Amino acid sequence: MEISRGLWSSRLGFVLAAAGSAIGLGNIWRFPYSVGTGGGGAYVFVYLICVVAISVPVLFAELAIGRATERNPVGAFKALVPGRLWRLVGGLGVLTGFGILAFYSVIAGWTVGYLWMALTRRLDEAVDAASSGAIFGGLIGDAGPALLLTAIFLAVTALVVRGGVSKGIERATSVLMPALFVLLLVLVVRSVTLPGAHEGLAFLFRPDFSALTPTVVMSALGQALFSLSLGMGTMITYGSYFPKDQSLPAAGATVAGFDTVIALLAGLLIFPALFAAGVQPNHGPGLVFVVLPTIFAQMPLGGLFAVLFYLLLGIAALTSTISLLEVVVAYFVDERGWRRGPAAVGIAAACFLLAAPSALSQGAVPSLGNVFGMDFLTLQNAIFGNYALSIGALMICVFVGWKWGIRPALNSIEEGGGRLLGRRALAFLVRYVCPVAIAIVLGFIIITSVITGEPPF
Ligand code: PHE
């Protein structure tokens, strides 16, 4: 059993794989459009506070659980305490992984479609908002390509996960992550050297606190969890493959640092380019698919930068879908005795069935465009990508802070050497700040939705 689980071959291997999980569409697609609609610098400021006060403690809580038990989320809770309740929290995590994977691979598929259109110069036709919108609508609203691209993405993900922890995931991420970093730097340099770029920088870094509303705060919290892959046991699973004799504290902190830096770099890539082109930043989810192509189409060498950008987005998405599938696979391998290969392929195939209605909800099948007042993809994003993660993160903090215990958790993090800075602060954050803050946010969403009668998404 132990042998079939696998381990990272080195600390760097873990850092790259975990950073690969964290860095994804969340950083390069969702973060910029949330900054854009959330009013810029003030959103960034709240986001950074959430990362430090909530995400980092949850990250270490998850890593501790994984490392102490060397199990998938369900097995991990089972190994630490008896009783059904906590096992259900693990089960919710596995289910959430499956659910996120389903809608995430649809959007990831679009990045492949865009890469293709950039390579074949079809994107050059996106000269204004109308033509770019038509290209986007054409891609996502056509059943054939939408399904095919999703299937391709899931298949590639399954292929990597099938290879195992060190030979599949670690090997892929150790090539993909440096590539991502280089691509991102090239694009940032291009963007910040455009004439008029400074306005974008000001938007990103000069907070205007009058823009802050409770909804903005909520979205920043959700984003801080989503972006670091927290609340569903990804870091429990990845922590479970961390060699016992290696030091974890700095490795964990590096993952959080990388993720944050990459999100900020994505901001530095997108906002200077937007402002330089005189485009408003509040475009919502269409930002990188509808607005950016119009900018590339007018920029010198824009065709090349478009290729690099969608390649970057695709790579970032792949290292995240790998981790989503891995959580589910780890459960079936550890708890159900499945073999890794068939588990990876079978689960990806099953996930395609849940992904299909999302892929078809963007115009191909009109009835899927209106489920509880929104399209099926947005609904899945809200349920799995916001609610389930927040509930999961809340339960994980309660578990570590009040049930299992802070002390064994901290000990498990320090097991292979290395000191965790700010142990007491971390304990306080896990026990009090995180659960209370997350509960307030969740409570707020529910109450507002009851009062306004709108769905709580
Ligand atoms: N963190 C990933 C991103 O930012 C998404 C993700 C969420 C991956 C939860 C795994 C688990 O894109």
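Look a little higher up for the structure.
Residues numbered from 1 in each chain as written. Predicted model: local features only at pLDDT ≥ 70, side-chain atom pairs only at ≥ 80, totals over all residues. Heavy atoms only, no water.

1. Quick word on the overall build of the chain
Here is step 1: Secondary structure summary: the chain contains 19 helices and 0 strands in total.
Here is step 2: Taking 457 residues into account, the globule formula puts the C-alpha radius of gyration at 23 Å, and the chain, at 21 Å, falls close to it.
Here is step 3: Projected onto its principal axes, the C-alpha coordinates of the chain cover approximately 60 × 50 × 45 Å.
Here is step 4: When the 457 residues of the chain are sorted by exposure, 60% land in the buried category.
Here is step 5: Sequence-distant contacts, at least 24 apart, represent 82% of the contacts inside the chain between residues at least 6 apart.
Here is step 6: Element-wise, carbon and sulfur atoms account for 69% of the exposed surface of the chain, whose accessible area totals about 17100 Å².
Here is step 7: Once the 25 positive and 19 negative side-chain charges of the chain are each reduced to a mean point, those two points are 11 Å apart. (Helix = DSSP H or I, 4+ residues; strand = E, 2+ residues; numbered from the N terminus. Rg over C-alpha atoms; globule rule 2.2 N^0.38 Å. Buried < 20%, exposed > 50% of the residue type's maximum accessible area, 1.4 Å probe, protein only. Contact = heavy atoms within 4.5 Å. Areas by Shrake-Rupley, 256 points an atom, 1.4 Å probe, with all protein chains shown as cover. Lys, Arg positive; Asp, Glu negative; His and termini not counted. Charge placed at Lys NZ, Arg CZ, Asp CG, Glu CD.)

2. Notes on the nonpolar core
Here is step 1: Within the largest apolar cluster, 170 residues are counted, with the highest numbers of intra-cluster contacts made by F14, F289, F309 and Y310.
Here is step 2: Sort the elements by how many residues they give to this core and helix 15 (residues 302–336) lands first, with 22 residues.
Here is step 3: Filtering out sequence-adjacent residues up to four positions away, F14 remains in contact with W8, A19, L63, Y238, G239, F242, L248, A251, G252 and V255. (Core = buried A, V, L, I, M, F, W, Y, C linked by side-chain atoms within 4.5 Å.)

3. Here's the deal with a nonpolar patch on the surface
Here is step 1: Together, F45, I49 and F209 make up an exposed nonpolar region whose accessible area comes to about 290 Å².
Here is step 2: Relative to the elements of secondary structure, F45 occurs in helix 4 (residues 41–69). (Patch = residues over 30% accessible without salt bridge, like charges linked within 9 Å, V, L, I, M, F, W, Y side chains within 5 Å. Salt bridge = Lys/Arg side-chain N within 4 Å of Asp/Glu carboxyl O.)

4. A few points about the site of the ligand
Here is step 1: Close to the ligand lie 15 residues; A22, G26, Y104, F226 and S229 are nearest.
Here is step 2: Interatomic distance of 2.8 Å between a backbone N/O atom of F226 and a nitrogen atom of the ligand.
Here is step 3: Contact between the ligand and S227: a nitrogen atom at 3.1 Å from a main-chain N or O atom of the residue.
Here is step 4: Mapped by element, the contributors of at least two residues to the shell around the ligand are helix 2 (11–22), helix 3 (25–37), helix 11 (214–227) and helix 15.
Here is step 5: Taken together, the residues of the shell around the ligand sort by class into 6 nonpolar, 9 polar and no charged. (Near = heavy atom within 4 Å. Polar contact = N/O pair within 3.5 Å; in protein donor to acceptor, adjacent residues only side chain to side chain. Nonpolar A, V, L, I, M, F, W, Y, C, P; charged D, E, K, R; others polar.)

5. Some thoughts on the packing of aromatic side chains
Here is step 1: Under the defined criterion, the tally for this structure stands at 28 aromatic pairs.
Here is step 2: Arranged with centres 6.3 Å apart and planes meeting at 20 degrees, the rings of F77 and W86 form a pair that is stacked.
Here is step 3: The buried category is assigned to F77, whose relative accessible area is 1%.
Here is step 4: For W86, a relative accessible area of 8% gives the class buried.
Here is step 5: Between the aromatic rings of F203 and F275, the centroid separation amounts to 5.3 Å while the plane-to-plane angle is 40 degrees, which identifies the pairing as tilted. In this pair, F203 is assigned in helix 10 (residues 198–205) and F275 in helix 13 (residues 249–276), connecting sequence segments 72 residues apart.
Here is step 6: Under the relative-accessibility criterion, F203 is labelled buried at 18%.
Here is step 7: Of the aromatic side chains, those joined through ring pairs into one cluster are W110, Y114, F136, F289, F296, F309 and Y310.
Here is step 8: Here the basic side chain of R30 rests over the ring of F226, its NZ or CZ set 4.1 Å away from the ring centre. (Phe/Tyr/Trp six-rings, centres within 6.5 Å; stacked < 30°, edge-to-face > 60°. Lys NZ or Arg CZ within 6 Å of the ring centre and 35° of its normal.)

6. A look at unusual backbone geometry
Here is step 1: Even without glycine at this site, L301 takes up a positive phi of about 60 degrees.
Here is step 2: Relative to the assigned elements, L301 resides in the loop between helix 14 (287–298) and helix 15.
Here is step 3: A positive phi angle, near 50 degrees, is found at F372, a position not held by glycine.
Here is step 4: Residue class for F372 comes out exposed when judged on its relative accessible area of 63%.

7. A look at the state of the cysteines
Here is step 1: The tally for this structure, following the rule as stated, stands at 0 disulfides.
Here is step 2: This cysteine, C397, is not joined by any disulfide, and C434 carries the nearest cysteine sulfur, 4.2 Å off.
Here is step 3: Overall, C397 belongs to the buried group, its relative accessible area being 0%. (Disulfide = S-S within 2.5 Å.)

8. Focus on the side chain of S390
Here is step 1: Assignment of secondary structure puts S390 in helix 17 (residues 376–404).
Here is step 2: Non-local contacts of S390, meaning those with residues more than four positions away in its chain, are made with L225, I438 and L442.

9. Considerations on the pattern of salt bridges
Here is step 1: Inspection of every chain in the model, using the stated rule, returns 9 salt bridges.
Here is step 2: Its salt-bridge partner being K78, residue E335 comes within 2.8 Å of it at the nearest N-O pair. With E335 in helix 15 and K78 in helix 5 (residues 73–80), this pair connects stretches of sequence that are 257 residues apart.
Here is step 3: Its relative accessible area of 23% is what places E335 among the partly exposed residues.
Here is step 4: Of the residues examined, K78 reaches a relative accessible area of 39% and is grouped as partly exposed.
Here is step 5: E415 is paired through a salt bridge with K244; the nearest N and O atoms lie 3.6 Å apart. With E415 in the loop between helix 18 (406–414) and helix 19 (423–452) and K244 in the loop between helix 12 (234–240) and helix 13, this pair connects stretches of sequence that are 171 residues apart.
Here is step 6: You can call E415 partly exposed: its relative accessible area is 43%.

10. A look at the environment of A53
Here is step 1: Summarising the element assignment, A53 is placed in helix 4.
Here is step 2: Beyond its immediate stretch of four places on either side in the chain, A53 contacts L429, V433 and C434.

11. Observations concerning the packing of helix 17 against helix 19
Here is step 1: Direction vectors running N to C along helix 17 and helix 19 enclose 150 degrees, while the axes themselves pass 9 Å from each other. Here helix 19 runs roughly antiparallel to helix 17, going by the angle between their axes. Two packed elements cross with a definite hand, and for helix 17 against helix 19 that hand is left-handed. For the pair helix 17 and helix 19, the contacting residues are Y387, S390, I391, A393, L394, C397, V398, V400, G401 and W402 in the first and V430, R431, Y432, C434, P435, I438, A439, L442 and I445 in the second. (Axes fitted to C-alpha atoms, helices over the stretch in contact; angles between N-to-C directions. Parallel < 35°, antiparallel > 145°, perpendicular 65-115°, else oblique. Left-handed = near helix turned anticlockwise from the far one by under 90°.)

12. Remarks on the environment of V328
Here is step 1: Looking at the secondary structure, you find V328 in helix 15.
Here is step 2: Taking relative accessible area as the criterion, V328 reaches 3% and is therefore assigned buried.
Here is step 3: Separated by 94 residues in the primary sequence, V328 and T234 place their C-alpha atoms 9.4 Å from one another.
Here is step 4: If we skip the residues at most four places from it in the chain, V328 touches V94, G97, F98 and I347.

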